[in-house]
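Architecture at a glance
Each chain, letter by letter, is given below.
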Amino acid sequence: MNVPAEIVRKPSVCPHDCPSVCALDVEVIGRSRIGRIRGAPDQTYTAGVVCAKVARYSERIHHQDRLTEPLVRVGPKGSGQFAPIGWDEALDRVAEAFLEAERRFGSESVWPYFYAGTMGLVMRDGIERLTHAKRYSRFYGTICVGIAWPGYVAGTGRLIGADPREMEKSDCIVIWGTNAVATQVNVMTHAVRARKERGAKIVAIDIYETETMRQADLALRLRPGTDGALACAVMHVLFRDDLADRDYLARYTDAPAELEAHVRSRDPAWAAAITGLEVAEIEAFAALVGSTKRTFFRLGYGFSRQRNGAVNMHAALSIPAVTGAWAYEGGGAFHSNSGIFNLRKTMIEGLDVRDSRVRRLDQSRVGAVLTGDADALKNGPPVKAMLIQNTNPLAVAPHQEKVRRGFAREDLFVCVHEQFLTDTARYADVVLPATMFLEHDDLYTAGGHQHLQFAPKAIDPPPGCRSNHEVIAALAERLGAEHPGFAMTPREIIDWTLQESGYGDLATLEARRWLDLQPPFRESHFLDGFGFPDGKFRFKPDWTHTPLANDGLKGAWRDMPALPDHWPVIEAVDERRPFKLATSPSHNFLNSTFTQTATSLLRERRPELLINPDDAAGLEIGNGDIVEIGNDRGRTRLHARLFSGATRGVLVSEGIWPPSAFLDGWGINALVGDDSVAPFGGVAFHDATVWARRA
Ligand code: SF4
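Here goes a summary of the coordinates provided. (Residues numbered from 1 in each chain as written. Predicted model: local features only at pLDDT ≥ 70, side-chain atom pairs only at ≥ 80, totals over all residues. Heavy atoms only, no water.)

**Some remarks on the environment of Gly290**
Following the sequence through the fold, Gly290 ends up in helix H13 (residues 279–291). Of the residues examined, Gly290 reaches a relative accessible area of 7% and is grouped as buried. In this structure, the C-alpha to C-alpha distance between Gly290 and Thr323, residues 33 residues apart in sequence, is 6.1 Å. The contact partners of Gly290, leaving out residues within four places of it in the chain, are Leu238, Leu243 and Thr323. (Helix = DSSP H or I, 4+ residues; strand = E, 2+ residues; numbered from the N terminus. Buried < 20%, exposed > 50% of the residue type's maximum accessible area, 1.4 Å probe, protein only. Contact = heavy atoms within 4.5 Å.)

In C-alpha cells:
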C-alpha cells in the first residue's frame, strides 16, 4: 500500500512581475511536488493574502507542457519544430554562435535580453554579469517602469514613499491608475481594512470599470491619457476653496504661487471636457481629498502607459503636495519602494567589469533593433545573437509585426531559456528548459512594500531543467568570460550581496525570512526635505536632470510642460481611427505568464474586446461577434464583449494572450507603437488609436 507523502510547509517568495512580492507558505509534498500556496500571515504587507493564480501554482509548476529537455530547431523559424539535444551540445551551440558573431561583427553584435519573468535578483539579473564581462550590447530596460518612475522622481527626487501599510491608517485611499484587485491584491487588503475599521473612503481612478472601480466608494472613469487634466482641476479647486495647505506649500514646495496661477484657468469644466468626467465628480473628488488630511495616493503604473504618462504621474503626485497630506501618518503618496534597498549588486551583475562605452539597446525597441533601424542600433553593428531569459518579447513587446520580422531573420541566432514553449521560444534556434522559483534559491526586493526577502529552494526541479545562474555560468566558461560571480553558488552570491550591503549574512536572513527596510516616517514622508538640494518638491520639474539612471532624453521631451498639465501628445482619434485602445491586465494572467494554466484559461476564455454597447450598436456588432481592429501598425481579430463599463470610444483588450490565441495569430501588441516615450523611453501601451469593424 502506498503511504501518502507527508506535507510540510516551506517558506518562499512570489517571483512574478507584481509589486506585491508576497511572502509565501508553500505546501511541499515529498521532494518534488507542491500543494497549495498561501500568503505568510506574519509578513505585515502580505498579511496572509495572495492572489488566486499563485495559490493554485501547482497547476503551473507541474504542468504537462513544461520544458524539460534542451531543444534544437529543425524546421523554419516560428514553426515550433524542434528536436531534443543534450545540455552540453546545446550550450556548445550557443557558445559557438556567440563567438562567431563576436569574431565577425564585434562583441556588441550579441545582445542578452531579459526582464521580470522572475524578480529574483540572482536569476533575473545574473545575465548582466555575462553581458558586462563579454562587453556585449547592454540592456536598457524601459518596458514597465520607464515612464512612471521619471514622473514620480521628477517631483520627489527619490523613488520612495509613505509606508504602504499606512493605508490602514488613512481616511481616504486614492487608487489611481491600477486595477489592484487583479494586479496587486494586497493594496485592497490594507485599503479595505481601513474602510472597515475607520470608515475610510476608497477612490478609484481608471479608464474603464474594473473590479477595483466596482469596489470603490467613488469611481472616476476618465478618458485614457487625461489624468493630468483631472489633477490640475483638483488643484484648482484646492486653491479656490482654500483647501491648500499654504504653510506646507511655503516650506516644502518649489513654486506654489506659479502653480496656483497656472491652475486658475484649469477648472473642473475645463477638465470635464478633456476627461469626460462630470464637473460634479471632479468637485466631489477635490472636496474629499481637500478635506481629508490623511489621504493616501496609491499611484499605479497603468495610467503612466501613455505618451504623456510621466507628466500625468507627476501631476497626480502634485496633489498631496498641495494639500500637505505628506505631513500625516496615513497621508502622502506611494508608487514604488524600489529606491530604498540600495543593494550592492556587483557580484550579481558584474558591475565592476561594466564598460559604460558599450552601447545600450532599448528593450522596448526590440523590433526596431532586430529589423536594423540604425537609430535603435545606435549606429552600431547589427544584432546577430541573443540569449533570452524571463521574457517573451514576441507577445509582450510593442509593434509586434516588426518584432516578429526581426526574430524571423535567418541570420539571427537566438537561444531562449524558458519554462514553456512561448511564442518567443518558438522562434529560437536553441531552447533551454528553466527552473521555476521553488526550484532554486533567490533574493527579492519589492516595489510595492519594504521587505528584503530570501526564498530558499523548496523542491527539486524536473530532471533536465537548469536555473538561469547555472546556464549563465556554463556559458561564461565556454565563452571565456571572467568574473568571480560565475564560480559562486546563488547562496554565496546572496550572502556576499547582503554583507556588502550592510544587511547581515544569509544565514541570519534565512532564519528571519525577511528584513523590514521601511525608512523612518520622517524620511519616507519627506519631512526633512524632498530629494533635491533645496529639499523642495518640484511642481516645476527639470525633466532633463531627473535624478534617475537613464539612457538620455527621448521622445518629445522638449515639449514637456513646465508645470502639471494636460499634455496633448497622446494619439488623437480621427475619422480613420475613431477608437482608443487599451491593453489592460487581466485577472488571471500576469503579462504573458499563466497563459498556459488550466484554471486561468478557463476563467479568461479567449481574447476579447470590451466595447460599449452604444459603440457596438453603431458598428452593428453583437455580443460574441468577431471584430477586426487595426491601425497603420497592424490588425487582429478577436471576439466582442459588449460591456457597459467600457467608456464610449474606448476599446479594452485584457491580458497578454499569446498571439496564437487570436484568430489571425496577431496579438494585441501588434497595434501598439514602439516609439520612445518622453523623457527617457518606455511604451505607451494604452495609447493607440484603431478602427474597428465587424469581421
Ligand atoms: S499578488 Fe502578486 S506577488 Fe502576490 S502572489 Fe499574486 S502575483 Fe505574486
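**Details of the side chain of Ser586**
With respect to the helices, strands and loops of the structure, Ser586 is situated in the loop between strand S20 (579–582) and helix H24 (598–604). There is a polar contact of 3.3 Å between the side chain of Ser586 and the backbone nitrogen of Phe589. Setting aside anything within four residues of it in sequence, one finds Ser586 in contact with Ala182, Glu604, Glu654 and Gly655. (Polar contact = N/O pair within 3.5 Å; in protein donor to acceptor, adjacent residues only side chain to side chain.)

**Describing the pairing of strand S9 (residues 201–206)**
Burial within S9 is extensive, with five of its six residues counted as buried. As judged from the five bridges shared by strand S8 (residues 172–176) and S9, these two strands associate in the parallel manner. Along S9, the bridge assignment pairs Cys172 with Lys201. Where S9 meets strand S10 (residues 218–221), four bridges bridge the pair, whose relative direction is parallel. Bridge pairing in S10 places Asp206 opposite Arg221. (Pairing = 2+ DSSP bridges.)

**A few points about the sheet that holds strand S19 (residues 514–516)**
The three strands lie next to each other as S17-S18-S19, forming an open sheet whose pairing is antiparallel. Each having just a single partner strand, strand S17 (442–444) and S19 make up the two edges of the open sheet. Going across the sheet, the axis of each strand differs from the next one's by a mean of 10°, ignoring polarity. Judged from the three bridges that link them, S17 and strand S18 (residues 451–455) form a sheet pairing that is antiparallel. Opposite Tyr444, over in S18, you have Gln453 as the bridge partner. (Axes fitted to C-alpha atoms, helices over the stretch in contact; angles between N-to-C directions.)

**Side note on the packing of helix H3 (residues 87–105) against helix H20 (residues 468–479)**
Look at H3 against H20: their axes get within 9 Å of each other, and the N-to-C directions meet at 55°. It follows from the interaxial angle that H3 and H20 lie oblique. Note that H3 runs across H20; the crossing there is right-handed. Here Trp87, Asp88, Leu91, Asp92, Val94, Ala95, Phe98 and Leu99 of H3 come into contact with H20, specifically with Val471, Ala474, Leu475, Arg478 and Leu479. (Parallel < 35°, antiparallel > 145°, perpendicular 65-115°, else oblique. Left-handed = near helix turned anticlockwise from the far one by under 90°.)

**Remarks on the packing of helix H5 (residues 148–156) against helix H14 (residues 309–323)**
Close contact between H5 and H14 brings their axes to 7 Å; oriented N to C, the two are set at 40°. Put simply, H5 runs oblique to H14. Here the hand of the crossing between H5 and H14 comes out right-handed. Taken together, the residues of H14 that come into contact with H5 (itself represented by Ala148, Gly151, Tyr152, Ala154, Gly155 and Thr156) are Ala310, Met313, His314 and Leu317. Along the lines of polarity and charge, the residues of the contact of H5 with H14 split into six nonpolar, four polar and no charged. (Nonpolar A, V, L, I, M, F, W, Y, C, P; charged D, E, K, R; others polar.)

**Comments concerning the side chain of Thr636**
The residue Thr636 is located in strand S23 (residues 634–642) in this model. Exposure remark for Thr636: the relative accessible area of 0% places this residue in the buried category. In this structure the side chain of Thr636 is engaged in a polar contact, spanning 2.6 Å, whose partner is the backbone oxygen of Trp666. If we skip the residues at most four places from it in the chain, Thr636 touches Val627, Glu628, Ile629, Phe662, Asp664, Trp666 and Leu671.

**Some thoughts on the packing of aromatic side chains**
Inspection of every chain in the model, using the stated rule, returns 18 aromatic pairs. Their ring planes at 85° and their centres at 5.9 Å tell us that Trp326 and Phe530 sit as a pair that is edge-to-face. Taken together, the residues Trp326 in the loop between H14 and strand S12 (332–334) and Phe530 in the loop between helix H23 (521–524) and S20 connect sequence positions 204 residues apart. You'll find Trp326 and Phe530 in the same group, each marked buried. Each member of the aromatic cluster is reached from another via a ring pair, and the members are Trp111, Tyr113, Phe114, Tyr115 and Phe139. Seen from the ring of Trp666, Arg404 lies directly overhead, with NZ or CZ sitting 3.7 Å from the centre. The ring of Phe532 has Arg538 sitting right over it, with the charged end atom 4.3 Å from the ring centre. (Phe/Tyr/Trp six-rings, centres within 6.5 Å; stacked < 30°, edge-to-face > 60°. Lys NZ or Arg CZ within 6 Å of the ring centre and 35° of its normal.)

**A short note on the sheet that holds strand S14 (residues 385–389)**
The strand order across the open sheet built from six strands is S5-S4-S16-S15-S14-S6, with neighbouring strands paired in mixed fashion. Each edge of the open sheet is held by one strand with a lone partner, namely strand S5 (82–84) and strand S6 (113–114).

**Describing the nonpolar core**
Membership of the largest hydrophobic core comes to 196 residues, with the highest contact counts inside it found for Trp176, Leu230, Phe285, Leu299, Met386, Phe407 and Ile629. Per element, the largest residue contribution to this core is ten residues, and it comes from helix H9 (residues 227–240). Sequence-distant contacts of Phe285, that is, excluding residues within four places in its chain, are made with Val174, Trp176, Val203, Ile205, Leu218, Leu220, Leu230, Val234 and Phe297. Counting 18 residues, the second-largest nonpolar core is a separate cluster that includes Ile175, Ala180, Ala194 and Ile202. (Core = buried A, V, L, I, M, F, W, Y, C linked by side-chain atoms within 4.5 Å.)

**Observations regarding the pairing of strand S25 (residues 688–694)**
Within S25, five of the seven residues are buried, leaving the element largely enclosed by the surrounding structure. Sheet topology note: the S20/S25 ladder contains three bridges and is antiparallel. Across the sheet, Lys580 pairs through a bridge with Thr689, a residue of S25.

**Observations regarding helix H21 (residues 490–500)**
Looking at H21, one finds that the buried residues are Pro490, Ile493, Ile494, Thr497 and Leu498. For H21, the arc enclosing every buried residue in end-on projection is 130°, short of the 170-degree limit, so these residues lie on one face. In this structure, the buried residues of H21 make contact with helix H4 (121–134), helix H15 (346–349), S17, S18, H20 and helix H22 (506–512). Once H21 ends, the next one or two residues include Gly502, with phi positive near 80°. (Arc of directions from axis to C-beta.)

**Structural notes on unusual backbone geometry**
A cis geometry characterises the amide bond from Ala678 onward to Pro679, with omega recorded as 5°. Looking at the secondary structure, you find Pro679 in the loop between strand S24 (650–652) and S25. Here the phi dihedral of Asn379 falls at roughly 60°; this positive angle occurs in a residue that is not glycine. Relative to the helices and strands, Asn379 is located in the loop between helix H16 (366–370) and S14. With a phi angle near 80°, Arg513 is a residue other than glycine that sits in the positive phi range.

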